[in-house]
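# Topology and contacts: notes
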Amino acid sequence: MPMTFGWSSSVTLLFNFWDVHGPAGMVLSVCVVLLLTVFYEVLKVWRLWLSRSSKLAQPQFAYAPPYYRSESTAALECSPSESSLTPMEPPPPAANTTHRWLLHAIQTALHMLQVSLGYMLMLCVMSYNTWIFFGVVVGSVLGYFLSFPLVVHK
């Protein structure tokens, strides 16, 4: 196995059954790797979106404003006291724990899929085939370009 990048049209990717011989097989393999990389980038953004939406669903607690004695007090006495950091009302009981566990399980499964797919793409690049490398890079750029609007919009 060569340890430098080459332009060959024959390569074995990931498994013995993914053995590429010829230009048509290489074009198909580059397209598959490109689509897997786009899926990897979309999956990354989807996990971020799920994380943000779950944080928005959690209740926000109002905190008491800082208490100031008067204008003539010293600077140390004007700083917020510890009581200003305590919630004004007690937190509500965790009523939706099943929903949080389900969301956590989904996040865990998506993380496992993302890590596995990332390592598979890394191994594809480690085949040292320039065409496959370009497929991964172009797929990453395309996936980021397509999924970036999902990150910007809340």
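The rules we used
Residues numbered from 1 in each chain as written. Predicted model: local features only at pLDDT ≥ 70, side-chain atom pairs only at ≥ 80, totals over all residues. Heavy atoms only, no water. Helix = DSSP H or I, 4+ residues; strand = E, 2+ residues; numbered from the N terminus. Buried < 20%, exposed > 50% of the residue type's maximum accessible area, 1.4 Å probe, protein only. Contact = heavy atoms within 4.5 Å. Core = buried A, V, L, I, M, F, W, Y, C linked by side-chain atoms within 4.5 Å. Phe/Tyr/Trp six-rings, centres within 6.5 Å; stacked < 30°, edge-to-face > 60°. UniProt positions renumbered as here; feature names shortened; annotations may be inferred.

### Side note on the overall build of the protein chain
- Along the protein chain, the regular secondary structure elements total four helices and two strands.
- Reading the protein chain from its N end, one meets helices and strands in the order β-β-α-α-α-α.
- Taking all 154 residues of the protein chain together, 25% fall into the buried category.
- Within the protein chain, counting contacts between residues at least 6 apart in sequence, those at least 24 apart form 70% of the total.

### Description of the nonpolar core
- L13, M26, V33, L121 and I132 are the most contacted members of the largest nonpolar core, which totals 14 residues.
- Breaking this core down by element, the ones donating at least two residues are α1 (23-57), α3 (97-125) and α4 (130-152).
- Not counting residues within four places of it along the chain, the set of residues in contact with M26 comprises S8, S9, S10, V11, V20, N129, W131 and I132.

### Examining the packing of aromatic side chains
- Tallied over the full model, the rule gives seven aromatic pairs.
- When the centroid spacing of 5.4 Å and the interplanar angle of 75° are considered together, the rings of F5 and Y128 count as edge-to-face. Of the two residues, F5 is situated in the segment before β1 (10-12) and Y128 in the loop between α3 and α4; the sequence distance between them amounts to 123 residues.
- Relative to W131, the ring of W7 lies with its centre 4.9 Å away and its plane at 75°, an arrangement referred to as edge-to-face. Taken as a pair, W7 in the segment before β1 and W131 in helix α4 lie far apart in primary sequence, 124 residues in all.
- By relative accessible area, which is 39% here, W131 ends up partly exposed.
- One aromatic cluster is present, built from ring pairs that chain together F5, W7, Y128, W131, F133 and F134.

### Side note on the UniProt feature "transmembrane region" (unreviewed entry) in the protein chain
- Listed under "transmembrane region" (unreviewed entry) in the UniProt record, and renumbered for this structure, are residues 20-43 and 128-152.
- Secondary structure across residues 20-43 comprises 88% helix and 8% strand; the distance between its end C-alpha atoms is 27 Å.
- Between the C-alpha atoms that bound residues 128-152 there is a distance of 35 Å. The span itself is 92% helix and 0% strand.

### Concerning the side chain of S29
- Summarising the element assignment, S29 is placed in helix α1.
- Judged by relative accessible area, which is 4%, S29 ranks as buried.
- Those residues in contact with S29, other than ones at most four positions away along the chain, are L13, W18, V20 and I132.

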